[in-house]
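Each chain is listed here by its residues.
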Amino acid sequence: MKNVFIETYGCSANQNDTEIMAGLLKKDGFKLVDSIKEANIIVLNTCIVKQPTYHKMNHLILKYKDEFPSKNLIVAGCMPQVIDLDVSCVGPHNIENIVDAAKLVINGKVAKFTDKKYTEKINLPKHNKNQVIDIIQILEGCSGNCAYCIVKNVKPTLISFSKNRIVDDVRKACERGCREIWITSQDNGAYGLDKHDVSQLPELLREIIKVEGDFLVRVGMMNPNNILPVLDDLVEVFKNNKIFKFVHIPVQSGNDNVLEKMKRKYKVKDFKNIVDKFRQQIPDISISTDIICGFPGETEKQFQDSIELIKDIKPDHLNISKFGAMPGTAAKDMKQLDPKIINNRSAKLTKIFHKIALEENKKWIGWRGKILLDEIRRKGTVIGRNFAYKQVIVQGDENILGSFVNAKIVDCTGFYLIAEKSFTWIIP
Ligand code: SF4
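Bear in mind the structure is a predicted one, so any value in this text is a computation, not a measurement.

Turning our eyes to something else, we now look at the overall build of the chain. Assigned secondary structure in the chain consists of 13 helices and 20 strands. The C-alpha atoms of the chain give 22 Å as radius of gyration, which agrees with the globular expectation for 428 residues (22 Å, within 12%). Overall, the C-alpha framework of the chain stretches about 60 × 55 × 45 Å when taken along its three principal axes. By the burial criterion, 57% of the 428 residues in the chain qualify as buried. Entry remark: accessible area of the chain is about 18600 Å², with carbon and sulfur atoms responsible for 51%. Charged side chains of the chain number 64 positive and 52 negative; the gap between the two group centres comes to 3 Å.

For the rest of this paragraph, the subject is the site of the ligand. Close to the ligand lie Cys-142, Asn-145, Cys-146, Tyr-148, Cys-149, Lys-152, Gln-186, Asn-223 and Arg-264. For the shell around the ligand, the class distribution of residues is 4 nonpolar, 3 polar and 2 charged.

Let us look at the domain arrangement of the chain. By the assigned domains, the chain splits into domain 1 (3–113), domain 2 (133–362) and domain 3 (368–426). Between the C-alpha centres of domain 1 and domain 3 there is a distance of 34 Å.

This part is about the packing of aromatic side chains. If you walk through the whole model with that rule in mind, you get 10 aromatic pairs. Aromatic pair Trp-367 and Phe-387: ring centres 6.0 Å apart, planes at 45°, arrangement tilted. With a gap of 20 residues between them, Trp-367 in the loop between α13 (339–362) and β15 (368–376) and Phe-387 in the loop between β16 (381–385) and β17 (391–395) connect regions that are remote in the sequence. Judged by centre distance (5.3 Å) and plane angle (90°), the ring pair of Phe-423 and Trp-425 falls under edge-to-face. With relative accessibility at 44%, the residue Trp-425 sits in the partly exposed group. Of the aromatic side chains, those joined through ring pairs into one cluster are Tyr-148, Phe-295 and Phe-323. Between Lys-2 and the ring centre of Phe-30, over which it is positioned, the NZ or CZ distance is 4.2 Å. Directly above the aromatic system of Phe-404 lies the positively charged group of Lys-370, at a separation of 4.6 Å from the ring centroid.

Grouped together as the largest cluster of nonpolar side chains are 69 residues, with contacts concentrated most on Ile-166, Leu-201, Leu-205, Ile-208, Leu-234, Phe-238 and Phe-278. Among all residues touching Leu-205, those that are not within four sequence positions of it are Val-219, Leu-234, Val-237, Phe-238 and Ile-243. Counting 26 residues, the second largest nonpolar core, distinct from the first, contains Ala-39, Ile-48, Met-79 and Ile-150.

Our focus in this paragraph is the layout of surface pockets. What the second largest pocket holds in volume is close to 290 Å³. Ranked by residues supplied to the lining of the second largest pocket, first place goes to β15 with 3 residues. Across the lining of the second largest pocket, the residue classes break down as 9 nonpolar, 3 polar and 6 charged. When we break the lining of the second largest pocket down by domain, the ones giving at least three residues each are domain 2 (133–362) and domain 3 (368–426).

Definitions and cut-offs
Residues numbered from 1 in each chain as written. Predicted model: local features only at pLDDT ≥ 70, side-chain atom pairs only at ≥ 80, totals over all residues. Heavy atoms only, no water. Helix = DSSP H or I, 4+ residues; strand = E, 2+ residues; numbered from the N terminus. Rg over C-alpha atoms; globule rule 2.2 N^0.38 Å. Buried < 20%, exposed > 50% of the residue type's maximum accessible area, 1.4 Å probe, protein only. Areas by Shrake-Rupley, 256 points an atom, 1.4 Å probe, with all protein chains shown as cover. Lys, Arg positive; Asp, Glu negative; His and termini not counted. Charge placed at Lys NZ, Arg CZ, Asp CG, Glu CD. Near = heavy atom within 4 Å. Nonpolar A, V, L, I, M, F, W, Y, C, P; charged D, E, K, R; others polar. Domains from an automatic or database assignment. Phe/Tyr/Trp six-rings, centres within 6.5 Å; stacked < 30°, edge-to-face > 60°. Lys NZ or Arg CZ within 6 Å of the ring centre and 35° of its normal. Core = buried A, V, L, I, M, F, W, Y, C linked by side-chain atoms within 4.5 Å. Contact = heavy atoms within 4.5 Å. 1 Å grid on protein atoms, 1.4 Å probe; cavity = no way out; pocket = protein on both sides within 12 Å on 5 of 7 lines; lining within 4 Å. Points joined across faces, edges and corners; volume = space filled by probe spheres on them.

Shown next, in the form of structure tokens:
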């Protein structure tokens, strides 16, 4: 029996790895199953970016070994690349070895594939979890060396994938009927910096939007220092109708001394300049950012700077992390703050942000326009995205996914907008 159950954690790049591994396994005759009970091979695609996730991965490995001794466990993702595990493994650079690994374990052998340093994850078989959305990774690694980041140890070298092959994958996704393309990596702003002095992201996006078809592009995370030199060009290309008016720019702290200790290569004013420039040129653009609470040595005053920054910028999305020291990072050797202080700061910022998010979403009530229905939600409703990648709850079921509709926003929460019951079709 060749039944495989894949469980995925972490970023969209890791989800993309799962869709490639699923595509390769399916192509080789393995059956993808939706429940662990039906499987004889469990692929656990791990994420170790933060302490809580790291501990959860350890817990799941022990749990699956204990509860399913007769099933074959393969651990994939970032964990096996930096943590020595006594189970079969396929590292993030060895995803093309997933079939070899599956064949080894069903024959009772141990599979260890973590040797490769890099792989271009483009033009490979894919099994999309959501038929509307395709995730396309454009590079591996990054140009940073942030003091808190364990991912740098997993993917140390910046390698940009070939532009033509990326555009080819966008074309193939559209031919498969995908309507939404997620451009992803650890830092999309670093695209081309392994070969050029400045980011080639604007150039790449210009080629992507030339692809025929009704689709929208979500551009993932971009670090401030890498987009600053090409900001005008980037803002210009973001004006194109095929690109969601959404930017994710992780700032991490509102205080320059903390940013310096984090080895982040920009100042708070650079981040503000970028946000201001996008908002001046594209008024309703959605801003997403990240704050780490309780980085070693962060004083109450410095944390207050982060709060003031968020109150000033009023982002649409905010990823709040409680600092936790990760193995093999520079921050691990720094004097840690009391966990109570870290928890209090995270709770305080969360409360402030929830208030901001609700106020910002209330501004959309009464808006009417085009929405792409891209995700199933609870019974009777689906999730759609408008031009600003705002999450909109729409009445309907999985049969209408992939459609463009015209609807009016009648209510909201801090997390999503709510459309009126009736809507009109644009592209069914
Ligand atoms: S830019 Fe920094 S946080 Fe991002 S992956 Fe690289 S080292 Fe980690």
